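Residues per chain are reported as follows:
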Amino acid sequence: MKRVILILFLAGWLSPVMANDVCNCKGYAGVGGPCYAGVGGAAYAGVGGPAYAGVGGACYAGVGGDQYDGVGGPQYKGVGGSMYDGVGGPAYNGVGGPAYDGVGGPCYAGVGGPCYSGVGGGNSCPAVCR
C-alpha cells in the first residue's frame, strides 16, 4: 500500500514537471531538475534532445518550426496570430481575457488557481498562460 501511495504522489508531482516548456525553461537546472540541460536531461538541447533547436527539433525557430514567430507561425504575436495579446486576441491578459492572470482568471497562479505551482496545482493551466 505504501508503494501505491508513493507512486501516486510521484505521478502527481512529475506531471507539472513534464508539462514545462523546455524551450523557455524556468526552474531548477541542476541534475534531475526540470530544466537540467545535460545529456538525458529534460531540457537537453543536443541532437535528439527534447530542447533541440535544429531543424525538426521542438525548439526550432525557423519557418515551419514550433517556435517560429514570423507571420503564420505558431508563436506569431501580430494581429491575427495565435500569440496576439491585444484586446480580443487569444493571448489577451486583460480582465476577462483568455490569458487573464488575476483572481478568478484562467491563468491565475495563486492558491487554488489553475496555474498554481504549489502541491496539487498547475494541472489545468492553459497553454496560453505559459
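All values derive from a computational prediction rather than experimental measurement.

A.B. asks: Explain the overall build of the protein here, please?
C.D. replies: Along the backbone of the protein there are 1 helix and 0 strands. In the protein, buried positions account for 25% of the 130 residues. Across the protein, every contact between residues at least 6 apart in sequence was considered, and the portion connecting residues at least 24 apart equals 10%.

A.B. asks: Sorry if this is basic, but what is going on with the state of the cysteines here?
C.D. replies: Should the sulfur atoms of two cysteines be covalently bonded, the bond is a disulfide. Throughout the structure, instances matching the rule amount to 4 disulfides. The partner cysteine of Cys25 in its disulfide is Cys35, sulfur to sulfur 1.8 Å. In this structure the cystine formed by Cys25 and Cys35 twists about its S-S bond by roughly -85°; its chirality is therefore left-handed. Placement of the pair is Cys25 in the segment after helix 1 (2–18) and Cys35 in the segment after helix 1, with a sequence separation of 10 residues. Through a disulfide, Cys115 is tied to Cys125; the S-S separation comes to 2.0 Å. Its S-S torsion of about 80° marks the bond between Cys115 and Cys125 as right-handed, since a negative value means left-handed. With Cys115 in the segment after helix 1 and Cys125 in the segment after helix 1, this residue pair connects regions lying 10 residues apart in the sequence. Considered together, Cys115 and Cys125 belong to a single accessibility category, that of buried residues. Shown here for the protein is a disulfide pattern of 1-4, 2-3, 5-8, 6-7, where each number marks a bonded cysteine counted in sequence order.

A.B. asks: It is not clear to me how the environment of Cys107 should be interpreted in this structure. Could you clarify?
C.D. replies: Here Cys107 shows up in the segment after helix 1. The spatial distance from the C-alpha of Cys107 to the C-alpha of Ser124 is 9.3 Å, given a sequence separation of 17 residues. When near neighbours in sequence (up to four residues on either side) are disregarded, Cys107 contacts Pro98, Ala99, Tyr100, Asp101, Cys115, Val128 and Cys129.

A.B. asks: I keep staring at the confidence of the model for the protein and nothing clicks. Help me out?
C.D. replies: Low pLDDT means the predicted atomic positions in that stretch should not be read closely. Looking at the protein as a whole, the pLDDT averages 82, with 84% of positions reaching at least 70. Low pLDDT, under 50, characterises residues 4–19; the predicted model gives this stretch 5 contacts beyond four residues in sequence or across chains.

A.B. asks: Quick question: what am I supposed to make of the environment of Ala127 here?
C.D. replies: Along the polypeptide, Ala127 turns up in the segment after helix 1. Here the alpha-carbon distance between Ala127 and Asp21, two residues 106 residues apart in the chain, equals 9.6 Å.

What counts, and where the lines are drawn
- Starting afresh in each chain, residues are numbered from 1 along the sequence in its written order.
- Totals for whole chains, interfaces and linings use all residues, but because this is a predicted model, local features are given only for residues with pLDDT of at least 70 and pairs of side-chain atoms are given and counted only at 80 or more.
- For the side-chain quantities, the full set of heavy atoms in the structure was used; hydrogens and water were omitted.
- In DSSP terms, a helix is any run of H or I states spanning at least four residues, a strand is any run of E spanning at least two, and both are numbered starting from the N terminus.
- Burial classes follow relative accessibility: with a 1.4 Å probe on protein chains only, a residue under 20% of its type's maximum area counts as buried, one over 50% as exposed, and anything between as partly exposed.
- Contacts were defined at the residue level, with two residues in contact if any of their heavy atoms lie within 4.5 Å.
- Only a pair of cysteine sulfur atoms within 2.5 Å qualifies as a disulfide here.
- On a scale of 0 to 100, pLDDT captures the predictor's confidence in every residue.

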